[in-house]
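In case you want the letters, here they are:
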Amino acid sequence: MEFVDMLKSVARKWLDRWERDRVFEADPDSSRPKFFITAAFMYPNSPAHMGHGRTYLVADVLARFWRMRGYDVLFPMGFHYTGTPILAMAERVASGDRSFIEVLVKRFDVPPNLIEKMKDPLFMARYFHEESKRVFKEYGLSIDWRREFTTIDPEFRKFIHWQFKKLKDMGFIVQGSHPVGWCPKHQMPVGAHDTQGDKEPDIGEFVAIEFSDGELRYPTATLRPETVFGVTNLWVNPRERYCVIELENSGKKWVVGEKACERLQYQLRFKVVECFEGSELVGRVVRNPVTGEKVPVLPAEFVDTSFATGVVMSVPAHAPYDAAALLDLKKRSDLPQQLLEVVRSIEPRKIIDVPGIEEPLALFALRKYGISSQEDFEKLEEATKFVYSTELGRGSMIKDLHEKVPAAEGYEHLAKEISGASVQVARDRVREELLNRGDGRIVYEIINKPVYCRCGSEVVVKLLENQWFINYGDPRWKELAKKLLSSMKIVPEEARAQFLATIDWLRRRACARTRGLGVPLPWDPSWIIESLSDSTIYMAFYTVVNRIREAKLDPEKLSEEFWDYVLLGKGSSSDVARKLGVDESTVERIRREFDYWYPLDWRVSGKDLIPNHLTFFIFNHAAIFPESKWPRGIIANGWVLLKGGKMSKSRGNIVLLKDLVHTWGPDPTRLAMAIGAEVPQDFEITDDLMKTAISYIRRVYTLIKELREKCRNVSNGVADRWLVSKVFKLIDEAGKDLENVRIRSAAIKVFSQVAQAVEEYLSMVEAPSREVVEKISDAWVRSLAPFTPFIAEELWEQLGGESYVSLARWPEAREIDYEALLSVELASRVIEDVKSIARATKKERIRMVAIYAYPASVCSAVRVALSCSSVRDIGKALTEAGIPKDRAFKLAQRMIRVLRELDDEAKELLRNACIDEVEALKELSSYIAKKVGADRIEVYSALDAEAPDLGGKKGAAVPLKPGIYIE
RNA sequence: GCGGGGGUGCCCGAGCCAGGUCAAAGGGGUCGGGCUCAGGACCCGAUGGCGUAGGCCUGCGUGGGUUCAAAUCCCACCCCCCGCACCA
């Protein structure tokens, strides 16, 4: 724990200095290339949590890396106040919701004396905003905080107004009606966060098919309009009340359940004519609008008169409920004789075929699930699910549908057209036809009814009229979006398909709502722009917001001309300046700033935002900006999980970033986020992971200390050259990893693999060379900086580095000493082989190891063997190297085998280096002896006729695989 | 249902797009050893099976196919995860 305490105090020290020296404030600098990265801003309805920690770390590591690569880096952050959840939360506080207040106090550490103020949603937003910002700073994010803003700032409002005017001018904003979950008491739309148990109201689109008795219409609501061909009767609930309503526009008179009536008023305009008992409807005869057949209205208790219209069409061949109710009815003796005869004459009519099942599927399902009455609700639900999904998935309309069923006037062609068609196709066709001919109309209902608002009222469906939409369905726009997508880098690449699919199926999206914090629609301020619609191009706003404030421009004067000039370069700076009452140069400077930073280089966010925010981000950039300002890439990172489960804000089972940073320190938290998994993958946050991160840091920290303490003015020959090459090679590879957003891999290289190499070096030499230590510790500390900047600054200072390591250059790749790398590679292969032999021979103690290796003269033959596998060519090269012909060809064959099994890295070494194996192994013999625990190592040339041939191993030698004899 | 992704050794995961160099990277766990007060801290080694000389056999969801050669390509099937909108 002492080490963690040290890390924490080091962090405080450097945090203060960074702030003091404004290290991460970014201004345009034409002498350097620029790099602009943003992460999705947070919605401050709770403190920042581990998920934010991960997304922002990804952005920060890249920002820091590119800064060290010499780029002028801008990494800003803002806060997204837009939305309704905070409203719902403030309301819960206001209503004295105990459990919720407990979450605030106990989990989120809100001081109890502030709870009262949390009744104000704006206060709540500000509170969590400020707290999160504090934590982000402690976390070591290299953010330019001068550019921070919230989405309720007046400047931002004007910016969004400009964007929406642009979209409207391009014809991408349309108006229409739209169903939403609605609380009758609040008179407001409700989302999942407004309901009891956070249950999402699931809105289903039903077709109400109008059966008629000449005067009244009986709208039967169904999700399966294609089954209208199989209707044998209608159902009403005889124990409930029904009403006749007159629809305002058409004047049609509908018979609907009394309870349904109350719910339907939110989507239809009508007046109630009269109400009566459902039993009065029983026995009436109505006409099927599609087949023209006359069918009776019959009683069934399973009918829920509050659901949709409360009138149901009966398709006993394909709906288990209908089948069960019909069977029940046939057994009843209390019906009037005449009706009973009608009932008994009803036979299910099969209109859908399912391969392999001859009988109508509903009847099959009754037997399969053992259903004997319409009261078997649970079994009936299961059977219904089975029938619906089976028929939709595998079913098709019967081949001779048009011969089996009559057709009403106007529907003569429909049955023929869909005969034999799949249920999916038939459903859409029938639906379309019914709606077109005015025999059906859409009604909505909550499928998972009942859903209750937090206030206790049952949620209904409200048809919002005059709703504003962004029309992502516009084919011109889709094309542009696809073009933009194809020009972008996507991490992970697998997500590209998902983006493409999303672009394809996006239609229109409601972009404004009736309440919540945010920006009002410019042309209709009674609507607030919805949160995913006001956050699509705000990255551009970061580039100029600080300049606008600095110049003290009046937000109200930030006209469309202003934004046109600044963001698109349209119009003239002098006009804009005059209207603003400022110097032309001020306006020009703002324009230049945008022009310098844009386009965005990387957009980082959680992968959950791919089908919404990130796709909207693509669409809107494609619409608003010219191609030269289109974003260059998207990084979608995975989740941080908590013991296998997902976190849930409302239940308070989340890990706050603050808690991680305060418990473990910022550097370990950052490193854990980096090594938990590669960017696209999920990982679990555990104490073990945190401890691993700490041990990585400790290992590096103590090794650097040890190197510096133990080093002497000595030279260790090949070991020195090996370490320098190895370390620089690893760091260079880590740099390539970071270029490709392989953050985990890069972190493991600099924290673990470099440390391993250093440890290996320490076991090779008596004392580390001072020159080597200076070279590698300087580079090593630099390479740590993107991941664990605080301890890196501390070490940098100890090494005597100037300024900040955060501003230093990433180590340049340097000449690699392939001979040294190959020598050690050879030695470690020998070590492996010796161990393998000892294991196979069960030798516990090794007295002596004799090694037969090749001198440098075989190098050219090795090169030949690397590029081809012709025994003749290799053999020839070996002969030229002085190897007797009789041995050369056998050796060539073995070389092919050995070389084939090498990995790319070893091959690279062989191509670039030529070593005398004998000399190299002699030099490293004490290292080998140490590693294998041998008393003595003898190295001979395999070509030395004088050397003893122990165990006949002299002839076993192959280049890179020396012959080995052990005792 | 529609759309997207995926099934690899005890577990997590790389590799598959550009077939051989893959018994298959890297973690974790487990076992053994060391560091010798102790260890959940750290280090070393082992971890499919067999093997007294560095080797052999089996193997990457299931079943087929293409090929001299398949974890990698093709077909079918089974299973899992994610998204589906007014919710940030």
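Before reading further, recall that the structure is shown in the block above.
Procedures and definitions
Residues numbered from 1 in each chain as written. Chains lettered and ligands numbered in written order. Predicted model: local features only at pLDDT ≥ 70, side-chain atom pairs only at ≥ 80, totals over all residues. Heavy atoms only, no water. Pairing = 2+ DSSP bridges. Helix = DSSP H or I, 4+ residues; strand = E, 2+ residues; numbered from the N terminus. Near = heavy atom within 4 Å. Polar contact = N/O pair within 3.5 Å; in protein donor to acceptor, adjacent residues only side chain to side chain. Buried < 20%, exposed > 50% of the residue type's maximum accessible area, 1.4 Å probe, protein only. Disulfide = S-S within 2.5 Å. Salt bridge = Lys/Arg side-chain N within 4 Å of Asp/Glu carboxyl O. Contact = heavy atoms within 4.5 Å. Expected span 1.5 Å × (residues − 1). Arc of directions from axis to C-beta. Axes fitted to C-alpha atoms, helices over the stretch in contact; angles between N-to-C directions. Parallel < 35°, antiparallel > 145°, perpendicular 65-115°, else oblique. Left-handed = near helix turned anticlockwise from the far one by under 90°. Nonpolar A, V, L, I, M, F, W, Y, C, P; charged D, E, K, R; others polar.

> Would you mind going over the sheet that holds strand β21 (residues 520-521) with me for this structure?
The pairing of strands in a sheet comes from backbone hydrogen bonds and takes either a parallel or an antiparallel form. With respect to topology, 3 strands assemble into an open sheet ordered β20-β22-β21, the strand pairing being antiparallel. Each edge of the open sheet carries a strand with a single partner, namely β20 (512-513) and β21. As defined by bridge partners, β20 adjoins strand β22 (residues 524-529) across 2 bridges and the pair is classed as antiparallel. From the neighbouring strand, Ala512 faces β22, where its bridge partner is Ile529.

> I'm lost on the protein's contact with RNA strand B in this one. Help?
In the neighbourhood of RNA strand B, 48 residues make up the surrounding shell, with Tyr43, His178, Ala510, Gln681 and Asp833 lying closest. Protein-adjacent atoms of RNA strand B, using a 4 Å cutoff, are sugar or phosphate at a proportion of 56%. The side chain of Thr84 places a nitrogen or oxygen atom 2.7 Å from a phosphate oxygen of RNA strand B. Between a base nitrogen of RNA strand B and a side-chain N or O atom of His178, the distance comes to 2.3 Å.

> Would you mind going over the pairing of strand β24 (residues 633-637) with me for this structure?
Walk down a regular strand and you will see the side chains alternate between the two sheet faces. Taken across its 5 residues, β24 has 5 buried, putting it largely inside the fold. Burial along β24 is two-sided: Gly633, Ile635 and Asn637 and Ile634 and Ala636, pointing in opposite directions, are all buried. Note: strand β18 (residues 489-491) against β24, 3 bridges, orientation parallel. Looking at β24, one finds that Ile490 is bridged to Ile634. As paired elements, strand β23 (residues 602-606) and β24 share 4 bridges and run parallel to each other. Counted as the bridge partner of Val604 is Ile635 from β24.

> How do you make sense of the state of the cysteines when you look at a structure like this?
Covalently bonding the sulfur atom of one cysteine to the sulfur atom of another cysteine gives a disulfide. The final tally for this structure, using the stated rule, is 2 disulfides. Bridging Cys243 to Cys275, the disulfide has an S-S length of 2.2 Å. Judged by the torsion about the S-S bond (100°), the Cys243/Cys275 disulfide is right-handed. Remark: Cys275 occurs in strand β10 (residues 270-277) and Cys243 occurs in strand β8 (residues 241-247); sequence separation between them is 32 residues. Given the relative accessible area of 2%, Cys243 is considered buried. Disulfide partner of Cys859: Cys914, at an S-S distance of 2.1 Å. Linking Cys859 and Cys914, the disulfide has an S-S dihedral of approximately 100° and is accordingly described as right-handed.

> Explain the pattern of salt bridges to me, please; I cannot follow it from the model alone.
Close approach of charged atoms allows side chains of opposite charge to pair. A complete count under the given rule lists 72 salt bridges for this structure. Between Glu550 and Arg589 there is a salt bridge; the shortest N-O distance is 3.1 Å. In this pair, Glu550 sits in helix α17 (residues 539-550) while Arg589 sits in helix α20 (residues 584-597), placing the two residues 39 residues apart along the sequence. The exposure class assigned to Glu550 is partly exposed, which follows from its relative accessible area of 45%. Sharing partners across several salt bridges, the network here consists of Arg22, Glu25, Asp27, Asp144, Arg146, Arg147, Arg547, Glu550, Arg589 and Glu593.

> How do you make sense of the environment of Ile624 when you look at a structure like this?
Structurally, the position occupied by Ile624 is in helix α21 (residues 610-624). As a C-alpha pair, Ile624 and Ile537 span 87 residues in sequence and 8.7 Å in three-dimensional space. Excluding residues within four positions of it along the chain, Ile624 makes contact with Trp162, Gln163, Lys166, Leu167, Met170, Ile537 and Leu568.

> How do you make sense of helix α25 (residues 718-739) when you look at a structure like this?
Structural remark: α-helix, 3.6 residues per turn; residues separated by three or four positions point the same way. With 22 residues, α25 extends 31 Å between its outermost C-alpha atoms, agreeing within 8% with the 32 Å of an ideal straight helix rising 1.5 Å per residue. The element α25 is extensively covered by neighbouring structure, given that 16 of its 22 residues are classed as buried.

> Looking at this structure, how should I read helix α15 (residues 475-487)?
When the terminal C-alpha atoms of α15 are compared, their 19 Å separation across 13 residues agrees well with the 18 Å that a helix rising 1.5 Å per residue should span. Within α15, burial applies to Trp477, Lys478, Ala481, Leu484 and Leu485. One side of α15 carries all its buried residues, which in axial view fall inside an arc of 125°. Seen from the open side of α15, the exposed residues pointing more than 90 degrees away from its buried face are Pro475, Arg476, Glu479 and Ser486.

> Would you mind going over the packing of helix α6 (residues 154-169) against α17 with me for this structure?
Angle between the axes and distance between the axes: these two values describe a pair of packed helices. As a packed pair, α6 and α17 sit with axes 11 Å apart at the nearest point and diverge in direction by 135°. If you check the angle between α6 and α17, you find them oblique. Where α6 crosses over α17, the handedness of that crossing is right-handed. Residues Glu155, Phe156 and Phe159 of α6 lie in contact with α17, whose contacting residues are Ala540, Phe541, Ile548 and Arg549. Classifying every residue of the contact of α6 with α17 by side-chain character gives 5 nonpolar, no polar and 2 charged.

The quantities given are spatial measurements derived from coordinates; they are silent on function.
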